[in-house]
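Okay, here's what each chain looks like letter by letter:
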Amino acid sequence: MNKFYRILTLAGILITNLFASDGELGDLSIYSILPFVGILLSIAILPLIRPHLWEHNFGKISAFWATLFFLPFWFFYGAEIAFTELLHVLFLEYIPFIILLLALFTISGGIRLKGSLVGSPKLNTLFLLIGTAIASWMGTTGASMLLIRPLIRANKWRKKKVHIFVFFIFLVANIGGSLTPLGDPPLFLGFLKGVDFFWATRNLFIPMLLVTFILIILFYVIDNFYYKKEMDRLPSVSVEKEKIALEGTINLVFLSGVIFFVLLSGVWKPHYFINFMHIHVELQNIIRDLSLLILTYLSMKSTKSEIRLANGFTWFPIKEVAKLFVGIFITIIPVIVILKAGSDGALAIIVGSTQNLDGSPNNMMYFWLTGILSAFLDNAPTYLVFFNTAGGNAIELMTTYSNTLLAISCGAVFMGANTYIGNAPNFMVRSIAEENDIEMPSFFGYMLWSSLILIPVFIFISVLFF
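Residues numbered from 1 in each chain as written. Predicted model: local features only at pLDDT ≥ 70, side-chain atom pairs only at ≥ 80, totals over all residues. Heavy atoms only, no water.

K.L.:
Whenever I open this one, the overall build of the chain confuses me. Can you help?
P.N.:
Within the chain, the secondary structure is distributed over 20 helices and four strands. Against the 2.2 N^0.38 benchmark of 23 Å for 466 residues, the chain shows a C-alpha radius of gyration of 22 Å, consistent with a compact globule. Across its three principal axes, the chain shows a C-alpha extent of roughly 75 × 60 × 45 Å. Expressed as a percentage of the 466 residues in the chain, the buried residues total 53%. Put simply, 79% of the contacts in the chain that link residues at least 6 apart link residues at least 24 apart. When the accessible surface of the chain is summed, it comes to about 20,700 Å², and 67% of that surface belongs to carbon and sulfur atoms. If the 30 positive side-chain charges of the chain are averaged to one point and the 27 negative ones to another, these points end up 13 Å apart. (Helix = DSSP H or I, 4+ residues; strand = E, 2+ residues; numbered from the N terminus. Rg over C-alpha atoms; globule rule 2.2 N^0.38 Å. Buried < 20%, exposed > 50% of the residue type's maximum accessible area, 1.4 Å probe, protein only. Contact = heavy atoms within 4.5 Å. Areas by Shrake-Rupley, 256 points an atom, 1.4 Å probe, with all protein chains shown as cover. Lys, Arg positive; Asp, Glu negative; His and termini not counted. Charge placed at Lys NZ, Arg CZ, Asp CG, Glu CD.)

In structure tokens form, the structure reads like this:
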């Protein structure tokens, strides 16, 4: 323990020396993002080299990096600025984010698809298609949590099955959420900024359909290849096959309630808010979050414990996401601040590259920069940064610069699939799969999958559309 505190003290001194600036928040040094880099490397490396340490201490490690950023930030910029930024990210971003995930995770975990399902290329492909189709309407988290467990049960007999859940993350946990603000948080932020609810449905449909088609064909080929090698392991057909049915259907009502209150918070503007330390928490968002918590409670009380037990439902995946993402949300503060500073910030070269020499938007760069940063940062604030970089006028972006908004939207939603931290459902799917003894790829192993499969597809999409 003393060794831990010595490391903390030395790292604190180092980070403190690197934080110095002219006193303006936009002048944050590029070195202020080191704690963010640290938490990313911890997620990537520690589960590989010290799995036992990581499993029992990932919450403390997340807190370590968050503290390593916040204490020097407080020292240099004062309590008012430091706590305003902290409370802003907690109350306006992290807490709504984790409440929505909690509601979708809990409610979807109370719905059980029962029946005799045997994992085959046709069945697995059907699962992926259904999940991709519904993700835009019940959220990528909701669709993932609804289908991941029956998909695991159906493929329990398979030896080579990691690819099934990697493609599940690609399609259901990310790309499927492209068509409405309910599907993925970046599109919801655009909706709050004035983008029409069905703009994404009209404009992202063709790119999303093309990416889905390519990935589905590739998945079927890979799954069929492994399936044919394992035919000798195929379970014998039972005389009494269990009929396919849904249990816990009351949760479909609660799921509809989640969709309703999320949508309500975007269209209802009572212009009333609670002000605390310069943080404006709007009434509609308070009502939304309280309603989601009530729906979560009702789901827990009204769902039979046998259904959750049969689903293999545990709280570990949501706990892991909550503990890791609070550290990510806090250490991401300097990254977002520097990006918002635009040409005056330490990442001016990145922001400047979004413009052509004649001043017009470089849509190819908007797509790739939004996408790459969304894979490692939270894709919602990344979307917002580039939305504002492109002018921030929703009417102009939907009309004159619609291709720019398309590039930003596709980058934020599609490329969340590039890493485990690109979108919260990615982590949840991985955790649930590992709880069921499926050896999912490591952080870098997963990136190898996404690099080999997704990046060529995204290059094709960017050439075709941007």
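K.L.:
Help me understand the pairing of strand E4 (residues 279-282) in this model?
P.N.:
Look at any regular strand and the pattern is simple: side chains alternate between the two faces of the sheet. Bridge count between strand E3 (residues 273-276) and E4: four bridges; the pairing is antiparallel. Across the sheet, residue Phe-276 finds its bridge partner in E4, namely Ile-279. The hairpin turn running from E3 into E4, its antiparallel successor, is two residues long, and Met-277 in that turn takes a positive phi close to 50°. (Pairing = 2+ DSSP bridges.)

K.L.:
Please clarify how the environment of Pro-361 should be interpreted in this entry.
P.N.:
Positionally, Pro-361 belongs in the loop between helix H14 (348-352) and helix H15 (363-376). Those residues in contact with Pro-361 that lie beyond four places of it in its chain are Thr-354, Gln-355, Asn-356, Tyr-366, Tyr-401 and Thr-404.

K.L.:
Can you walk me through the nonpolar core in this structure?
P.N.:
Ile-43, Ile-98, Phe-170, Leu-215 and Phe-325 are the most contacted members of the largest nonpolar core, which has 139 residues in total. Considering each element in turn, this core owes the most residues, 23 residues, to helix H3 (residues 51-108). In this structure Phe-325 touches Tyr-94, Phe-97, Ile-421, Ala-424 and Phe-427, once residues within four positions along its chain are discounted. (Core = buried A, V, L, I, M, F, W, Y, C linked by side-chain atoms within 4.5 Å.)

K.L.:
Please explain unusual backbone geometry as it appears in this structure.
P.N.:
Among all residues except glycine, the phi angle is most often negative; among peptide bonds, the trans geometry is most common. Residue His-271 is not a glycine yet carries a positive backbone phi of 55°. Within the secondary structure layout, His-271 lies in the loop between helix H9 (250-267) and E3.

K.L.:
Looking at this structure, how should I read the pattern of salt bridges?
P.N.:
For side chains bearing opposite charge, pairing can occur when the charged atoms are close. Scanning all chains against the criterion turns up seven salt bridges. Notably, a salt bridge pairs Arg-430 with Glu-320, separated by 2.9 Å at the nearest N-O pair. Of this pair, Arg-430 sits in helix H19 (residues 424-435) while Glu-320 sits in helix H12 (residues 316-331), and the two are 110 residues apart along the sequence. Judged by its relative accessible area of 4%, Glu-320 falls in the buried class. Put simply, Glu-434 and Arg-430 hold a salt bridge, and the shortest N to O gap is 3.9 Å. Here Arg-430 and Glu-434 lie together in helix H19, a separation of four residues that amounts to about one turn. (Salt bridge = Lys/Arg side-chain N within 4 Å of Asp/Glu carboxyl O.)

K.L.:
For this particular structure, what's the right way to read helix H18 (residues 402-414)?
P.N.:
Owing to its 3.6 residues per turn, the α-helix aligns residues three or four sequence positions apart on the same side. Between its first and last C-alpha, H18 extends 17 Å over 13 residues, near the 18 Å set by a 1.5 Å rise per residue. Summarising burial for H18: eleven of the 13 residues are buried, a large majority. Among the residues of H18, those classed as buried are Thr-404, Leu-405, Leu-406, Ala-407, Ile-408, Ser-409, Cys-410, Gly-411, Ala-412, Val-413 and Phe-414. (Expected span 1.5 Å × (residues − 1).)

K.L.:
Got a minute to help me understand the confidence of the model for the chain in this structure?
P.N.:
When pLDDT drops low, the exact placement of atoms in the prediction is not to be read closely. Taken residue by residue, the chain gives an average pLDDT of 85. The fraction at 70 or more is 92%. Mean pLDDT across the elements of the chain ranges from a minimum in helix H1 (residues 2-19), with 53, to a maximum in helix H5 (residues 162-171), with 96. (pLDDT = per-residue confidence, 0-100.)

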